Amino acid sequence: MRTDLAVVGAGPAGIAAALAAAARGTRVTLLDAAPAPGGQFHRQPAPGLGARRPRTLHHHGRTWERMRDALAASDVRVLTDHHVWFVERGFTVHALRGPDQREPVAVRARAVLIATGGYEKVLPFPGWTLPGVVTAGGAQALLKGALVVPGRRAVVAGTGPLLLPVATGLAAAGVEVAALVESTGAEALVRHGRALAAKVPEGAGHAARLLRHRVRLLTRHTVVRAHGDTALTGVTVAALDTAGRVRPGTARHLDCDTLAVGHGMLPHTDLAEALGCGLDGPAVRVDDEQRTDVPGVWAAGETTGVGGAALALAEGHIAGRSAAARLKGTAPDPRGWSAAARARRRLRACATALDAAYAPPAHWADQVTDDTVLCRCEEVTAGAVRAAVTGLGAGDLRTVKLLTRAGMGWCQGRMCAPAVAGTAGCELVPGRMPLARPVPLGVLARHPDDVTEEGTP
């Protein structure tokens, strides 16, 4: 017997969708690459680590505990350690099972709900490839999932609301946080004050914790260089003018062994794009029911636009209820999710305001030297990208890729595309990936009859 609904991604959106659909009699299979549900926001430490108070590592810990208990009590079939790499029309969800990602399995479903979240955007600067430089989310993942800190003295830098919980989390874990370096100024937040009202209590809480831990806040500043030979020893930061350019004479050195840096997030859209789902900018396009423009495919959470866990919960609930009704051949009644729709509308407006307020500095690429590596997989430098533009006439991201190999490596441009596009001065356009993750050739060569079928009750 086939499952009715396959939900890919067990973060807030995926869990909310699975619970909403299962509560209405839909057979649901929930797949996730992690060893346990929760996603990045509710990442849990491994049981063997013996965390005595894991709730203290998280925001909204009680919300997670309610979701976890509801999931355990539900009829949802949860498949963890399942790395989904492709979804066939029809629908067959293809995954690699286990931590070594070599055993192919398939889940056959009547419909699919994509809740694959987002990933961090990091813009390069000289020295950003030194050991000790990590993404802001990476530092948070180490703390939440492994109960370890990345260093003893840290600088948290970049732009975006993620920097606040990262800085406060590291400080609470005993790391000396030398500074939180935020490129956005306070005036940008004031301009969007009404839309950001929902975030004020959370932001105030983080600000109070920063004060308690004596973390220096440098607004409208940026990291211009990371220093060290074999590992990070410090960073140079400088103030920015209102146009986003470094102000001469404002550079200062901060000693540190860790730099946690991030410049916002981008939606994961690989699976949706491979299915033919349309995009609005970088995000999957959905209607009021969270349906994509491909029949039988829903999407919720950061893949439809980065907006945080509360928005993901609202979208997931709506998507799950819609999918349950549609699979039974009936039109859903939107009055049943009116509260979630109101939350979605308010939180989406807040997310739009955050995007506008926390835009990276307009002239960040001016500080990227020609010897700075942009594409780590293929070791392509900024100088090579600039030469492709000025010397060979490249005018778009695809041509730059063909001329320099930037984006042809392991990550297929998922990590370096914003940096390459910004340095080249061209538009960042989504690159449609045929597969959502690297797959062994032996898996691709297998006959469908040799692939284990999962997901049936």
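This write-up is about the structure you can find in this document. (Residues numbered from 1 in each chain as written. Predicted model: local features only at pLDDT ≥ 70, side-chain atom pairs only at ≥ 80, totals over all residues. Heavy atoms only, no water.)

Description of the overall build of the protein
So, step 1. From N to C terminus, the protein includes 13 helices and 22 strands.
So, step 2. Taken against the 2.2 N^0.38 rule, which gives 23 Å for 457 residues, the C-alpha radius of gyration of the protein at 22 Å falls within 12% of a compact globule.
So, step 3. Reported as C-alpha extents along the three principal axes, the dimensions of the protein are approximately 70 × 50 × 45 Å.
So, step 4. Split into buried and exposed, the 457 residues of the protein put 49% on the buried side. (Helix = DSSP H or I, 4+ residues; strand = E, 2+ residues; numbered from the N terminus. Rg over C-alpha atoms; globule rule 2.2 N^0.38 Å. Buried < 20%, exposed > 50% of the residue type's maximum accessible area, 1.4 Å probe, protein only.)

Remarks on the side chain of T26
So, step 1. Along the chain, the position of T26 falls in the loop between α1 (12–22) and β2 (28–31).
So, step 2. Those residues in contact with T26, other than ones at most four positions away along the chain, are D4, L5, A21, A324 and L327. (Contact = heavy atoms within 4.5 Å.)

Considerations on the pattern of salt bridges
So, step 1. If you walk through the whole model with that rule in mind, you get 16 salt bridges.
So, step 2. Ionic pairing is found between D280 and R285, a salt bridge with its closest N-O pair at 3.5 Å.
So, step 3. The exposure class of D280 is partly exposed, given its relative accessible area of 48%.
So, step 4. Since its relative accessible area comes to 31%, R285 is described here as partly exposed.
So, step 5. Among the charged side chains, a salt-bridge network with shared partners connects D287, E289, R291 and R326. (Salt bridge = Lys/Arg side-chain N within 4 Å of Asp/Glu carboxyl O.)

A few points about the sheet that holds strand β11 (residues 217–219)
So, step 1. The strand order β8-β15-β9-β10-β11 describes an open sheet built from five strands, whose pairing is parallel. The open sheet has two free edges, formed respectively by β8 (133–135) and β11, since each of these has just one partner strand. Between one strand axis and the next, the sheet turns by 20° as a mean value, whatever way the strands run.
So, step 2. Examined bridge by bridge, β8 and strand β15 (residues 258–263) share three bridges and lie parallel to one another. (Pairing = 2+ DSSP bridges. Axes fitted to C-alpha atoms, helices over the stretch in contact; angles between N-to-C directions.)

Regarding α1
So, step 1. Buried residues dominate α1, accounting for 10 of its 11 residues.
So, step 2. Within α1, burial applies to P12, A13, G14, I15, A16, A17, A18, A20, A21 and A22.
So, step 3. Close packing links the buried residues of α1 with β1 (3–8), β2, α2 (61–73), β6 (103–114) and α8 (309–327).

Concerning the sheet that holds strand β13 (residues 234–239)
So, step 1. The antiparallel open sheet is built from three strands, whose spatial order is β12-β13-β14. Of all the strands in the sheet, the pair left with one neighbour each is β12 (221–227) and β14 (252–255). Recorded for the sheet is a direction-independent mean angle of 30° between the axes of neighbouring strands.
So, step 2. Bridge count between β13 and β14: four bridges; the pairing is antiparallel. Its bridge partner being in β14, V237 is matched across the sheet by R252.

A short note on the packing of aromatic side chains
So, step 1. Using the criterion set out here, one finds one aromatic pair in the structure.
So, step 2. Above the ring of F41, the side-chain terminus of K144 is found at 5.3 Å from the ring centroid.
So, step 3. Note that R376 overlies the ring of W128, its terminal NZ or CZ placed 4.4 Å from the centroid. (Phe/Tyr/Trp six-rings, centres within 6.5 Å; stacked < 30°, edge-to-face > 60°. Lys NZ or Arg CZ within 6 Å of the ring centre and 35° of its normal.)

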